[in-house]
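# Observations on the three-dimensional arrangement
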Amino acid sequence: DLAALRRAQDGVDQLDRQATQAAREMATNAEELAGSIKATKRGLEAEIGELRQTAEAQAQHALSSQLALRQDQDDRCDRLDERLHTVAAELRQEATEAAARAAAATAAAEDQAKELHQVVTGKCSQLEQKGGAAAAAVEELQHRVGRLATLQQGQGDSPGGGVKGA
C-alpha cells in the first residue's frame, strides 16, 4: 500500500512538477507575448503619431497652398478690376474726344455748306444777271437786225439810196 501510495505520490509530484513547469512556460510565454504586444502597441502608437504629424503637416501645407492660391486669385482679380476701370476710363475719354471731334467736324461741315451755298447763290445771281443782260443784248440785237432789215427793204424801194442816220 505504501508502495502504491508512494507511486501515487510520485505520480502527483511528477504531475505537480509538470504543471509547475507548464505554468512557468505559460507565464514566460505570456510575459513574452505581453512584451511583444507592448512593443507592437508602442510601435503602432509611434506610427500613429508620425502619421498624425504627417497628416497635420500635409493639412497645414494644403491650407497654406490654398490660402496662397486664394491670395493670388484675389490679387489677380484686383489687378484685372483696376485694369478694367482704367480701360473703361480710357474708352470714355476716347469717346468724349471722338464726340468733340465729330461735333467740330459737323460744325465745320455746316459752315462749309453755308459758305458753299452763299457762293453758289452768288454765282447763280451773277449768272441770272448776266443771263438777263445777255437776253437784253439779244433783244437789242434782234431789234437792230429788224430795223436794219426794214431799212434795207426801204432802200430797195428808193432810187439813189443811202440811208440817213443809219
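Residues numbered from 1 in each chain as written. Predicted model: local features only at pLDDT ≥ 70, side-chain atom pairs only at ≥ 80, totals over all residues. Heavy atoms only, no water.

### What to know about the overall build of the protein
Counted only if it meets this: Strands here are runs of E lasting at least two residues and helices are runs of H or I lasting at least four, both read from the DSSP assignment and numbered beginning at the N terminus. This radius of gyration counts C-alpha atoms alone. The globule rule is 2.2 Å times how many residues there are, raised to the power 0.38. A simple rule labels every residue: compare its accessible area, found with a 1.4 Å probe on the protein chains alone, to the largest value its type can have, and call it buried under 20%, exposed over 50%, or partly exposed in between. Surface accessibility follows the Shrake-Rupley procedure with a 1.4 Å probe radius. Residue values consider only the protein chains on display as shielding. Within this scheme the basic residues Lys and Arg register as positive and the acidic residues Asp and Glu register as negative, but His and the chain ends are omitted. One atom stands in for each charge, and that atom is NZ of Lys, CZ of Arg, CG of Asp or CD of Glu.
Secondary structure summary: the protein contains one helix and zero strands in total. Taken over C-alpha atoms, the radius of gyration comes to 68 Å for the protein, far larger than the 15 Å a tight globule of 166 residues would show. Dimensions of the protein, computed from the C-alpha atoms along their principal axes, are close to 220 × 30 × 15 Å. Per-residue burial for the protein yields a buried fraction of 1% across its 166 residues. In the structure as shown, the protein presents an accessible area of about 14500 Å², 57% of it carried by carbon and sulfur atoms. The protein carries 20 positive and 27 negative side-chain charges, and their two centres are separated by 5 Å.

### Some remarks on the environment of Ala46
Relative to the helices and strands, Ala46 resides in helix 1 (residues 2-157). Residue classification places Ala46 among the partly exposed positions, given a relative accessible area of 40%. The sequence separation of Ala46 and Gln66 amounts to 20 residues, and the corresponding C-alpha distance is 29 Å.

### Details of the confidence of the model for the protein
Keep this limit in mind: One number per residue, pLDDT, summarises how confident the predictor is, and it ranges from 0 to 100. Whether two residues touch is decided by their heavy atoms; if any such pair falls within 4.5 Å, the residues are in contact.
Per-residue pLDDT for the protein averages 87, and the proportion of residues at 70 or more is 93%. A low-confidence stretch, residues 161-166 stays under pLDDT 50, and its non-local contacts, those more than four residues away or across chains, total five contacts.

### Looking at the pattern of salt bridges
Stated precisely, the cut-off is as follows: Salt bridge, as used here: a side-chain nitrogen of Lys or Arg that lies within 4 Å of a carboxyl oxygen of Asp or Glu.
In total, this model carries three salt bridges according to the counting rule given. Asp74 is the salt-bridge partner of Arg70, the closest N and O atoms lying 3.4 Å from each other. Taken as a pair, Arg70 and Asp74 lie in helix 1 at a separation of four residues, close to a single helical turn. Accessibility expressed as a relative area gives 52% for Arg70, which makes it exposed. In this structure, Asp72 and Arg76 form a salt bridge, with 3.5 Å as the shortest nitrogen-oxygen distance. With Asp72 and Arg76 both in helix 1 and four residues apart, the pair spans about one turn of that helix.

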